[in-house]
Structures are given as C-alpha cells and as structure tokens.
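Examining the three-dimensional arrangement
What follows is the residue order along each chain.
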Amino acid sequence: MTGKENQYINEAFETNWVAPVGPNVDAFEEEFAKAVGVKAAVAVSSGTAAIHLALSLLDISKGDKVFCSTLTFVASANPVLYQGAEPVFIDSEPDSWNMSPAALKRAMQEAAIKEKLPKAVIVVNLYGQSSKMDEILKICDLYGVPIIEDAAESLGTTYKGKASGTLGRFGIYSFNGNKIITTSGGGMLVSDDVEAINQARFLASQARDPSPHYQHSVTGYNYRLSNLLAGVGRTQLQVLDDRVRTKRRLFDLYTHALSDIPGVNFMPELKDTRSNRWLTTLTVDETKTGVSVKQLLEAFQKENIEARHVWKPLHMQPLFRGASYYPHRENEHVAKQLFAEGICLPSGSGLTGEEQLRVIKCLRDALNRTISNRSYLILGKQEV
Ligand SMILES: *Cc1c(COP(=O)(O)O)cnc(C)c1O
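A quick note: this is a predicted structure, and the numbers were derived from the prediction, not measured.

A few words now on the UniProt feature "modified residue: N6-(pyridoxal phosphate)lysine" (unreviewed entry) in the protein. Residues annotated by UniProt as "modified residue: N6-(pyridoxal phosphate)lysine" (unreviewed entry) correspond here to K179. Here K179 is in contact with A152, E153, S174 and W278, once residues within four sequence places are set aside.

Structure follows, in structure tokens:
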C-alpha cells in the first residue's frame, strides 16, 4: 500500500457508496482504460472472473476447445472448465518462457485438419514477460481465432510500445494481493470492443434485463468489484510506474550479483519489450552447479527466505490428466524443463537492500560461491 488509499475509501464511506457499484468503480475503469490505452474496461472481483467473462463473451461452451499456455497458474485455465470446454495446452519457448509460436502453429494446423478449431487462445505473459505477440497474432489471425491475453502478471509491461494485455481481442489483469498493484482481490477485463465490455458488465451484475421488475434471460454472475476496493485500485494505479521501476531494480541487482555463476540463467527479456519484472526468476542447471533446485529451496527455507518453484505446467497437473498438449519441438519440452530448473526469488517491492543481500548470500553459499566484492559494491555495502 502507498498510505494514500484511505482518500478514496473515505470518500466512499462518506457518500455511502458501499456496494459493488459507485463512483470509484466508474473512475477506476476509466483511469485504467486510459493507462493501458484501450477503449473500455470493466472492473471485476478477480482476474479469474475476468477470464471467465471473456470466455462467456466468446460463447465458449461444452465441447469447445480452448488453447492455453501450459506454463502458468491454474487460474488461466480453470474458467475453461467452468464452461465445460476442453483446454489444449501449448508449450513455452526459450526466449520468453511463454507460448511457443511453433507449438501453437502445429496445434492449429492439426485442429484445422480435424475441422475443430479452438474458440479462443489464452496467451499468458508470465512473471511480467510478454509473449511473442506478433508471431502468435499472425497464427491466430490466419485461422480467425480470438486471443485472450492473460496479463495478470504483466500490468506495466510493454510490447513494442503497447501495454501488455491490449494486443488480443480481450485482456485480463489481476489485483490479487501478490500482484504488482493490488486491491487485495480484484481484476479487470479490457477490450477495444466497447459493446463487448458493456455486455461483460451486464453479465457480471447477474445479467439483469432492463425492466421495472427483476427480469433475467441469460445466466449472469456476481463478479463486480466493490466500490471500496476500486478506491484502493485508483490510488495503486498512480504508483504503477514506480512499482515497475522498483521491480526492475530488484531484478538488475539480482542479475549483477549472481550472473557470474556458471549454470545460473535469469529469465530473458524479449527484444522491443519492457518487462515489469513482477518476479525475479532464474534457472539453475544442476549439471553445471552440482546443486539441485530442491537443495536450493531447502537452503532458502533454512534461512527463512521464501523462494519457490516456477509454475508447474498445467499439462503435468493431475487436474488436467488426459488433456492434449503440444511441445515446443518433438523432443523439446520447454515448460517442463523450466519447472525442473526454475526458482522465483523474493521480489516484493518493499524488499530492502539488506534483505536482498541476505537472499543473494544464501543462494551463493548454497552454490558454494562466496559472495563477490562486486555484489557488495552493487548493493552499496561495505566489503568484508
Ligand atoms: C493471479 C493470476 C491469475 C488470476 O488472478 P486472480 O485475481 O487471482 O483471480 C490468472 N492468471 C495468472 C497468470 C495469474 O498469475
């Protein structure tokens, strides 16, 4: 929190707008749409709800197929199951860790031959890194399949000058407590299709028909964001650029202090993109370091430092057993490899230099690499 969130919350209390509707909701939607450069946005209770609404708008139902990045949080694909549709998982590629255009192309070609094209492709921009959107858009345009860009982790990221989350038919964002800005819980669905966003707002408010009594013709949801939380969101949006700068600085410090170790590789940044570096993530090649991810995570745990695996690919999850999956290349399973070798480091925007140094030291100790004087210098500390 910035400490200034109270302003809009107090306003909501004073005017008694304590409901999932009100001036903060309207203003948050407008300010957000302007910030990312889209025509319309609807504030909702979570990023998951935003994905669900996008699938509803695209009329996805039982028996339909939806392609989805495999290396992601389960929330990207759960709404596919809510609709009774079938997810098909697409592997990552090494440059972005995100959806492999090669795998997507193969999946589309096969689907076209079977005359069963997907009704949508959910492209996830992981840990703040944009996917190869030009390549992915080209493939999807060729087959006329709309894209839902899951930018839950990539708010503040740009791809060729455009805001991440604005390149597909729909974009979704999350304001969950762990995201780059937060409303404690919340999300946003955006699009240049104003009518579709109006329809989403209707569906998110129990699909109440215009009528003097309560009249309903289609299934709706209770997915609107509270006017109190929208107030938090308005303040948070004002510090987004600051947050991105902080996250990028944390990432730069980590890379400077650790990238001299053979076998340690940080998540790359695609050319012409600027990642928000939501989480600093790296891979550790055990054949070069002699230390496994498991051992590293144990070393962190001993020091009471919270480091984690990268997402376990969805095609490897028991929930999705039996789902179709397309690897990057026939014998190259990128997401699986990233899961085996990847670690997320503490990356909170409140992390102090002292704390970051502790993380760096712990990782270097575990890899039997004493901390270099360079790391101290970079962190502005006295050498030892
Ligand atoms: C957080 C997240 C979501 C879901 O957002 P919620 O607001 O938690 O529902 C979806 N996709 C990805 C990639 C996420 O990280």
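Let us keep going from here.
Applying the stated criterion to the full structure yields 17 salt bridges. Among the ionic pairs, K132 bridges to D95, the shortest N-O distance being 2.6 Å. Here D95 lies in the loop between strand 3 (86-90) and helix 5 (101-113) and K132 lies in the loop between strand 4 (120-124) and helix 6 (133-143), a separation of 37 residues in the sequence. Residue class for K132 comes out buried when judged on its relative accessible area of 16%. Taking relative accessible area as the criterion, D95 reaches 39% and is therefore assigned partly exposed.

Next up on the list: unusual backbone geometry. The backbone of Q206 sits at a positive phi, close to 65°, despite the residue not being glycine. In the Ramachandran plot, R277 falls in the positive-phi region, its phi being about 50° despite a non-glycine side chain. Examined against the element boundaries, R277 turns out to sit in the loop between strand 11 (273-274) and strand 12 (280-284). Its relative accessible area of 6% is what places R277 among the buried residues.

By volume, the largest pocket is sized at about 620 Å³. Together, 31 residues line the largest pocket, and L279, E306, P346, S347 and G348 are the ones closest to its centre. Going through the elements one at a time, helix 9 (240-258), strand 13 (308-309), strand 15 (342-345) and helix 13 (353-366) are the ones with two or more residues in the lining of the largest pocket. The leading source of residues in the lining of the largest pocket is helix 13, at three residues. The class makeup of the residues in the lining of the largest pocket is 14 nonpolar, nine polar and eight charged. Counting only domains with at least three residues in the lining of the largest pocket, you end up with domain 1 (6-240) and domain 2 (241-383). The calculated volume of the second largest pocket comes to roughly 320 Å³. For the second largest pocket, the lining is made up of 19 residues, of which A35, G156, L237, L240 and D241 are closest to its centre. Those elements that place two or more of their residues in the lining of the second largest pocket are helix 2 (23-36), helix 8 (227-238) and helix 9. In terms of residues, the lining of the second largest pocket owes the most to one element, helix 9, which gives four residues. Considered class by class, the residues forming the lining of the second largest pocket number eight nonpolar, six polar and five charged.

Thresholds applied
- Residues numbered from 1 in each chain as written.
- Predicted model: local features only at pLDDT ≥ 70, side-chain atom pairs only at ≥ 80, totals over all residues.
- Heavy atoms only, no water.
- UniProt positions renumbered as here; feature names shortened; annotations may be inferred.
- Contact = heavy atoms within 4.5 Å.
- Salt bridge = Lys/Arg side-chain N within 4 Å of Asp/Glu carboxyl O.
- Helix = DSSP H or I, 4+ residues; strand = E, 2+ residues; numbered from the N terminus.
- Buried < 20%, exposed > 50% of the residue type's maximum accessible area, 1.4 Å probe, protein only.
- 1 Å grid on protein atoms, 1.4 Å probe; cavity = no way out; pocket = protein on both sides within 12 Å on 5 of 7 lines; lining within 4 Å.
- Points joined across faces, edges and corners; volume = space filled by probe spheres on them.
- Nonpolar A, V, L, I, M, F, W, Y, C, P; charged D, E, K, R; others polar.
- Domains from an automatic or database assignment.

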